[in-house]
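Each chain, written out:
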Amino acid sequence: MPTNPRTTPLYDFLEEFQRAGLIEPHLGKQLLILLGSAVLAWVLSRFFRPKLRKAGEASWRFGSEGVSRLLFPLLFWLSVELAALIWREGHSVTLLRLATSLLSTLVLVRAAVYLLREVFAQVVWVRRAIPWVAGILWIGFALHITGLLPEIQAGLDEVSFAIGKQRISVLMILRGLLSVIITMLFALWLGRLFEQRMMGAQSINLSLRVVITKVIRTLLVIVGVMIALSLVGIDLTVLSVFGGALGVGLGFGLQKIASNYVSGFIILLDGSIRIGDLVNIDNRQGTITAITSRYVLLKLGDGTEAIIPNETLITNTVLNLSHSDQLLRVVLPVQVAYDTDLDQAIALLTDTTHDETRILTEPSPQVFVKGFGESGIDLELAFWIVDPGLGTAALRSQLNIKIWKSFAQHGIEIPYPRRDLHLITPAGMSMSLDADQSSSAR
């Protein structure tokens, strides 16, 4: 049945205003109450906002910042509600009822916008969706104060269908969606609060902190879904059917997804790979910057980021360059001519490492004779560094320049490939040319 529009706050206020006009004393008193409530809310918000932000800088910044933004409209709304509750005995409160409806909607809009921005901070579409969310809430407020909302609800409830013994209406579906969205946002917000608090606990291992936060967020989402279904009136036994369908789906086509999620928890629990480790995965060397339930984020030396499924780290070999310590052995190959004094070349190679602050003196740099190549003697300069995260390309380049200058100063030749060509003349005489002379003869 349609609701009588006379029961709406807007209609009651307009009816009273038309009957008594501005000279109505109750209207003036209500305006004074609204003004006093606004002043009180402003004073209290000014008093509590710095305290909330200061207390939140250490641990709960996420939650305290949100409360500080909602503080003024929330206190204004609560003070008007309290005033209407106290004043309504023997007095008109039509303006106060209209103000509470407006302020409650304002609080909901600000809370929804804040939750969307914080829970989905890096999602682009959320910024575009925020005006639509605010608009929907204000439209709902307009329908409420004009008395049209109950009529629309009754019309939506009449459009229904049956699934077994359960009657499903369009209104129930919309309420269910709204309940799920609200509970999910609230659950994700609590998860972010807990994550921020847990990630700040430096006494707990980082991987264990990540595992705990992911488990808590998953449990919060599950509890949120169950609460949302209960609020709508859907029997929770339908979850057993959903669980059976999920099991069939995992058996047929979701093995990889399930494997990645299980592998993610295994990686976090066993500590084989941690955030900040320098690793080599599939010929990609970089630093682990994030470990999620499905993938690992690997930041490469050129600034790009590789998204690697967790299953890859479980089934393939991963070269962890900083698992037990940060020491890294760097090898620099050098080739000298066969007529080179090896003792002098080895001493010069060792000297090039002396002024490099990144190269450790213990273990000391060493030079090895690796073998005898086709064009010269292969040497190998090996040294240790303790900061592999900074990369080795710049250090290698700097050492190569110093080696080049040092060898040139002491007359040590770095060979290049040469070929001897034997030309047979028609008279049967042979002539030998090196590669340079033969090219000029041609």
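Predicted model only: the values in this text are computed from it and were never measured. (Residues numbered from 1 in each chain as written. Predicted model: local features only at pLDDT ≥ 70, side-chain atom pairs only at ≥ 80, totals over all residues. Heavy atoms only, no water.)

Details of the overall build of the chain
Which entries qualify depends on this criterion: Segments assigned H or I by DSSP are reported as helices when at least four residues long, segments assigned E as strands when at least two residues long, and all are numbered from the N terminus. Burial classification: accessible surface area is computed with a 1.4 Å probe over protein chains only, and a residue below 20% of its type maximum counts as buried, one above 50% as exposed, and the rest as partly exposed.
For the chain, the count of helices and strands is 13 helices and 12 strands. Looking at the chain as a whole, 33% of its 442 residues are labelled buried.

Here's the deal with the nonpolar core
Note the following rule: Residues belong to a common nonpolar core when they are buried Ala, Val, Leu, Ile, Met, Phe, Trp, Tyr or Cys residues joined through side-chain atoms within 4.5 Å. Contacts between residues were defined by any pair of non-hydrogen atoms, one from each residue, lying within 4.5 Å.
If you look at the biggest cluster of nonpolar residues, it comprises 22 residues, and the most contacted ones within it are Leu349, Leu379, Phe383, Ile403 and Phe407. For this core, the secondary structure elements donating two or more residues are strand S8 (328–336), helix H11 (342–351), strand S10 (377–385) and helix H12 (393–409). Apart from residues no more than four positions distant in its own chain, Ile403 is found in contact with Leu332, Val334, Leu349, Thr352 and Leu381.

A closer look at the sheet that holds strand S6 (residues 305–309)
For clarity, the threshold we go by: Only when DSSP finds a minimum of two bridges between them are two strands counted as paired.
Across the sheet, which stays open at both edges, the 5 strands sit in the order S6-S5-S4-S3-S7 with antiparallel pairing between neighbours. Where the open sheet ends on each side, the last strands, each with one partner, are S6 and strand S7 (319–320). The sheet contact formed by strand S5 (residues 295–300) and S6 spans 5 bridges and is antiparallel. By the bridge assignment, Val296 is partnered in S6 with Ile308.

Here's the deal with the packing of helix H5 (residues 148–158) against helix H6 (residues 170–199)
Put simply, the rule is: Axes here refer to lines fitted to C-alpha atoms; in helices the fit is confined to the stretch in contact. Angles between the N-to-C directions go from 0 to 180 degrees. Geometric relationships in this document are graded by angle, where less than 35 degrees denotes roughly parallel, more than 145 denotes roughly antiparallel, 65 to 115 denotes roughly perpendicular, and other angles denote oblique.
In the contact formed by H5 and H6, the axes pass within 6 Å of each other and the chain directions differ by 110°. In terms of axis orientation, H5 runs roughly perpendicular to H6. Side by side, H5 and H6 meet where Gln153, Leu156 and Asp157 of the first sit next to Val170, Leu171, Leu174 and Arg175 of the second.

With respect to the packing of aromatic side chains
The condition is simple: Aromatic rings from Phe, Tyr and Trp, taking only the six-membered ring of Trp, are treated as a pair when their centres fall within 6.5 Å; an angle between ring planes under 30 degrees marks them as stacked, one over 60 as edge-to-face, and anything in between as tilted.
Counting across every chain of the model gives 1 aromatic pair. Considering the side-chain rings of Phe72 and Phe76, the 5.9 Å spacing of their centres and the 40° angle between planes classify their relative orientation as tilted. Of this pair, Phe72 and Phe76 are both found in helix H2 (residues 25–87), 4 residues apart, which corresponds to roughly one turn of the helix.

A few points about the pattern of salt bridges
Between side chains of opposite charge, pairing is possible as soon as their charged atoms come close. Definition in use: Here a salt bridge means any side-chain nitrogen of Lys or Arg lying within 4 Å of a carboxyl oxygen belonging to Asp or Glu.
Using the criterion set out here, one finds 2 salt bridges in the structure. Between Lys402 and Glu356 there is a salt bridge, with the nearest N and O atoms lying 3.5 Å from each other. With a gap of 46 residues between them, Lys402 in helix H12 and Glu356 in the loop between H11 and strand S9 (366–372) connect regions that are remote in the sequence. When its relative accessible area of 25% is taken as the criterion, Lys402 is described as partly exposed.

Regarding the packing of H11 against H12
Let me state the cut-off plainly: Left-handed is the label given to a crossing in which the near helix is rotated counterclockwise from the far helix by less than a right angle, and right-handed is the label when the rotation is clockwise.
At their nearest, the axes of H11 and H12 sit 10 Å apart, and the two run at 140° to each other. At the point where H11 passes H12, the crossing takes the right-handed sense. Of the residues in H12, those touching H11 at Ala345, Leu348 and Leu349 are Ile403, Ser406 and Phe407.

Here's the deal with the sheet that holds S9
In spatial order, the strands read S8-S10-S9; together these 3 strands make up an open sheet with antiparallel pairing. At either margin of the open sheet sits one strand with a lone partner, and together these are S8 and S9. Averaged over all neighbouring strand pairs, the angle between strand axes comes to 25°, with direction disregarded. With 6 bridges joining them, S9 and S10 adopt antiparallel strand pairing. For Phe372, the partnering residue across the bridge sits in S10 and is Ile377. Across the sheet, H11 touches S8, S9 and S10, and the angle it forms with S10 is around 25°. Packed onto the sheet, H12 meets S8 and S10 and runs at close to 30° relative to S8.

Quick notes on a nonpolar patch on the surface
What counts, and what does not: Think of a patch as exposed residues, more than 30% relative accessible area, with no salt bridge, where like charges cluster within 9 Å and nonpolar side chains (Val, Leu, Ile, Met, Phe, Trp, Tyr) cluster within 5 Å. The Shrake-Rupley method, run with a 1.4 Å probe, gives the accessible areas here. Residue values count only the displayed protein chains as cover.
Taken together, the side chains of Leu32, Leu35, Val39, Trp42 and Val43 make up a nonpolar region of the molecular surface, amounting to roughly 520 Å² of accessible area. With respect to the helices, strands and loops of the structure, Val43 is situated in helix H2. In this structure Val43 comes out as partly exposed when scored by relative accessible area, which is 42%.

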